[in-house]
Amino acid sequence: MYIKRIKKKDAIYLAQYETYREDGKVKTRFIKYLGKEGDERGVPLPKKSTHIETPLYPEYSKRAGDIQLMWSIANSSLNMPKIIDQICCGDGQIEGRTPGKILTAWAINKALNPESAHDVGEWIQTTTIPDLVELPEEYFTNHAFYSSLDRVCFKDSTADGLTDFSHLICDALYTQWRSLHPLPDAAKEIVAYDLTPVLIFGSGDELGEKGYNSKKANQKQINLCILVSKWDKVPVSFFLLPGNFNSMSSVKDLLVQLLELSYEPGTLIWDRGNTSEESVLDIEALGWNLICGVNKGSNQAQSLLLQTEVPTKVTNRVRSTGTSSLYATRAQGTLFGRENAGVVYVNHAKRMEAIDARNAMLTELDAELQVFNEHLNRATKEEVEESISAILGQYADFFTVHILQNGKRCAISWEYNEAAIDRAADLDGKYLLYSTDTTLKATEVVNEYMEKDFVEKIFRTLKTHLKLAPVRHWKNHRIRAIFFVNMMALWLRKVYDYQLNLVPKKKRDYGFDELLQRLKRVEYVEVASAGQGKVFWYLNLTDKMKEQLKAMGFKDLFPERRLCQSGL
């Protein structure tokens, strides 16, 4: 066979021929026409299709990557929508629009884009949330959000006050989470407790009061009190108190909260600001073990600190930091009615820093007394005493001052009170802790206490990332419900963090924020062709992202039906 080139006018056409023998003679015959020759010699132009398809283009895209991750956490890990509906409506299987679906959508918004708080409905319509909860986009209105909030916390005339389901919902979420992620064998829950002030731009009814805050703002505030699990850093429970409550006065409400929890008592850790003999005994009466700091101010605490020497042996070593080292030992004696419940630990760097700072100040005060004595004019003894008191201030106990009076003239002499200085130095850098469980090693008690900073990280997440403060609502029941939505958003972020930490750092391609930022760019698109169904896929979704999500336990987050799968 061969290709024959046939020239006609300005074009060349190709035809296929073959040779054969007939009666001993070689002959040729036509096989088929190939078409007009293209740019390459002997190669025909491609044939035009008899059917020309109109290209299909998606009309819009929706934010999907981080949205579907958070929905998976809310729906699969926490069962959040159904729990809210079950508690608020008495039925977790309601079809259509429900408080659970609406508030879960709001929690996802708070977790990912809290800056859009004033336009939640519009923001949700740009995402795949309506598809995930199977509700039309127009259902997500301000009225829907606030009516859903009012199912969580509302004025109840029959109860002569407020009905607030937020604590029951938080407890149910924790129970759901713990059913999927049980504690280690024979272990009990270890929770840390703390509170933080949250500024408000409203009256706050009975909650809004002026009180202490680090910003020293002369503004009404509410105290958010929270319990956080040490095991996986998730919020166990929370409650609100008036802004003028301090740590000590919050303990009574904490007792009520502990009584309402649905799990067996374990160990509670709190800061020294909550500690008194009464609060310790009250907590222990509920079956909880306590690890807490103890203020140095009481005679009992000072006695234990002064009489306890902390050895710098390897068995007493707690940990080393970049600038110091910690050592600890059990204090022999009674603390809050329990024998050997005290633990004394020493921070050697802080000890030397405190001693040196005091010595430097005493040196400066000695020089001021010298100048004062040299320029001492006629003054009464009472005036001299008043001036000395103003000079020495809180350091007066470290000096012994004598006032010599000769007629109307006074002179002074002084020396350091070495006993008082030595006593203060013996307390420098030394701290006292209380531990209900006296079988714990002193080093274990200190480590448990020092590691409670995860509560502070929770507060930082609420205020910095979730934009909790300031609260811009006036009605008391709405204020309570807004805190609830923020706690739901906190749950989403903490579960995401927990799942991320299941992947060793060396095997991660992306950290907490970077993965969310990359997922934020993942968009869902779809096209439909008459009689041939709908196809859909995701833009900006990489294999690296899918592999890391799979390692974190999130599989099949992004199902696709592409053109080749639909027969188009």
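All values derive from a computational prediction rather than experimental measurement. (Residues numbered from 1 in each chain as written. Predicted model: local features only at pLDDT ≥ 70, side-chain atom pairs only at ≥ 80, totals over all residues. Heavy atoms only, no water.)

Enquirer: Just give me the short version of the overall build of the protein chain, but keep the residues and values in it.
Expert: In terms of regular secondary structure, the protein chain is built from 19 helices and 22 strands. Its C-alpha atoms give the protein chain a radius of gyration of 37 Å, more than 25% over the compact-globule value 24 Å for 568 residues. Dimensions of the protein chain, computed from C-alpha atoms along their principal axes, come out at roughly 155 × 65 × 55 Å. Counting across all 568 residues of the protein chain, residues that qualify as buried make up 46%. (Helix = DSSP H or I, 4+ residues; strand = E, 2+ residues; numbered from the N terminus. Rg over C-alpha atoms; globule rule 2.2 N^0.38 Å. Buried < 20%, exposed > 50% of the residue type's maximum accessible area, 1.4 Å probe, protein only.)

Enquirer: So what's going on with the sheet that holds strand β1 (residues 2-8)? Residues and values would help.
Expert: Pairing in this open sheet of three strands is antiparallel, and the strands run β1-β2-β3 from one edge to the other. With partners counted over all chains shown, the strands left at the sheet margins are β1 and β3 (25-36), one partner each. Neighbour-to-neighbour, the strand axes of the sheet open up by a mean angle of 35°, direction not taken into account. (Pairing = 2+ DSSP bridges. Axes fitted to C-alpha atoms, helices over the stretch in contact; angles between N-to-C directions.)

Enquirer: If you had to explain a negative patch on the surface to someone new, which residues and values would you point to?
Expert: There is a patch of like negative charges on the surface, built from Glu309, Glu418, Asp422 and Asp426. Topologically, glutamate 418 is positioned in helix α13 (residues 418-427). (Patch = residues over 30% accessible without salt bridge, like charges linked within 9 Å, V, L, I, M, F, W, Y side chains within 5 Å. Areas by Shrake-Rupley, 256 points an atom, 1.4 Å probe, with all protein chains shown as cover. Salt bridge = Lys/Arg side-chain N within 4 Å of Asp/Glu carboxyl O. Lys, Arg positive; Asp, Glu negative; His and termini not counted. Charge placed at Lys NZ, Arg CZ, Asp CG, Glu CD.)

Enquirer: Let's hear about the pattern of salt bridges: which residues, and what values?
Expert: Opposite charge on two side chains makes pairing possible when the charged atoms of those side chains draw close. Within the structure shown, the criterion is met by 21 salt bridges. When salt bridges with common partners are traced through the structure, they connect Lys62, Asp131 and Glu137 into a single cluster.

Enquirer: Can you tell me about the nonpolar core, naming the residues and giving the values?
Expert: Counting residues in each nonpolar core, the largest one holds 138 residues, and the members touching the most others are Ile169, Leu268, Phe483, Trp491 and Leu492. Ranked by residue count, the leading element in this core is helix α16 (residues 476-500), at 15 residues. In terms of nonpolar packing, the next biggest core, distinct from the first, is built from 19 residues, Ile391, Phe398, Cys410 and Trp414 among them. (Core = buried A, V, L, I, M, F, W, Y, C linked by side-chain atoms within 4.5 Å.)

Enquirer: Can you lay out the side chain of serine 166 for me, pointing to particular residues and giving the numbers?
Expert: By the element assignment, serine 166 lies in helix α7 (residues 166-180). The exposure class of serine 166 is buried, given its relative accessible area of 1%. Beyond its immediate stretch of four places on either side in the chain, serine 166 contacts Val152, Phe238 and Phe484. (Contact = heavy atoms within 4.5 Å.)

Enquirer: Tell me about the pairing of strand β11 (residues 267-270), and name the residues and values.
Expert: As a general feature of sheets, a regular strand has side chains that alternate between the two faces. Burial along β11 is two-sided: the residues Thr267 and Ile269 and Leu268 and Trp270 are all buried. Examined bridge by bridge, strand β7 (residues 190-199) and β11 share three bridges and lie parallel to one another. When the sheet's bridge partners are listed, alanine 192 is paired in β11 with isoleucine 269. Where β11 meets strand β12 (residues 289-294), four bridges bridge the pair, whose relative direction is parallel. Looking at β12, one finds that tryptophan 270 is bridged to cysteine 292. On the question of chirality, the crossover connecting β11 to the parallel β12 by way of helix α9 (residues 277-285) is right-handed. (Right-handed = clockwise from strand over helix to strand, strands pointing away.)

Enquirer: Lay out the packing of α7 against α16 with the relevant residues and their values.
Expert: Between α7 and α16, whose axes approach to 11 Å, the crossing angle comes to 15°. Relative to α16, the element α7 lies roughly parallel. When you trace α7 past α16, the crossing you get is right-handed. Only Phe484, Met488, Trp491, Val495, Tyr498 and Gln499 of α16 make contact with α7, whose side of the interface consists of Ser166, Ile169, Cys170, Leu173, Tyr174 and Trp177. By residue class, the composition of the contact of α7 with α16 is 10 nonpolar, two polar and no charged. (Parallel < 35°, antiparallel > 145°, perpendicular 65-115°, else oblique. Left-handed = near helix turned anticlockwise from the far one by under 90°. Nonpolar A, V, L, I, M, F, W, Y, C, P; charged D, E, K, R; others polar.)

Enquirer: So what's going on with the packing of helix α3 (residues 99-112) against α16? Residues and values would help.
Expert: Running from amino to carboxyl end, α3 crosses α16 at an angle of 65°, the nearest separation of the two axes being 8 Å. The orientation of α3 relative to α16 falls into the category roughly perpendicular. As α3 packs across α16, the resulting crossing turns out to be right-handed. Contacts between α3 and α16 involve Leu103, Trp106, Ala107, Ile108, Lys110 and Ala111 from the first element and Ile482, Phe484, Val485, Asn486, Met488, Ala489, Leu492 and Arg493 from the second. For the contact of α3 with α16, the class distribution of residues is 11 nonpolar, one polar and two charged.

Enquirer: Give me the packing of aromatic side chains: which residues, what numbers.
Expert: Evaluated as defined, the whole model comprises 17 aromatic pairs. Their ring planes at 70° and their centres at 5.2 Å tell us that tyrosine 538 and phenylalanine 558 sit as a pair that is edge-to-face. In this pair, tyrosine 538 sits in strand β22 (residues 533-539) while phenylalanine 558 sits in the loop between α18 (543-551) and α19 (563-566), placing the two residues 20 residues apart along the sequence. Residue tyrosine 538 is classed as buried on the basis of its relative accessible area, which comes to 8%. Overall, phenylalanine 558 belongs to the buried group, its relative accessible area being 12%. A connected cluster of aromatic rings, assembled from ring pairs, spans Tyr524, Phe536, Tyr538 and Phe558. Seen from the ring of tyrosine 17, lysine 4 lies directly overhead, with NZ or CZ sitting 5.1 Å from the centre. (Phe/Tyr/Trp six-rings, centres within 6.5 Å; stacked < 30°, edge-to-face > 60°. Lys NZ or Arg CZ within 6 Å of the ring centre and 35° of its normal.)

Enquirer: Which residues make up helix α1 (residues 65-77), and what values go with them?
Expert: Counted at 1.5 Å a residue, the expected span for α1 with its 13 residues is 18 Å, and the 17 Å between its end C-alpha atoms agrees. Among the 13 residues of α1, 11 are classified as buried, and the element is accordingly described as predominantly covered. Residues Gly65, Asp66, Ile67, Gln68, Leu69, Met70, Trp71, Ser72, Ile73, Ala74 and Ser77 constitute the buried set of α1. Positive phi appears at asparagine 79, one or two residues downstream of α1, with a value of about 55°. (Expected span 1.5 Å × (residues − 1).)

Enquirer: So what's going on with the environment of glycine 342? Which residues, and what values?
Expert: Locating glycine 342 in the fold gives a position in strand β17 (residues 342-347). The class for glycine 342 is buried, based on a relative accessible area of 1%. Sequence-wise, glycine 342 and alanine 442 are 100 residues apart; in three dimensions their C-alpha atoms are separated by 8.8 Å. What glycine 342 contacts, discounting residues up to four positions off in sequence, is Arg330, Ala331, Leu335, Leu432 and Leu433.

Everything listed here is a matter of geometry and, on its own, says nothing about what the molecule does.
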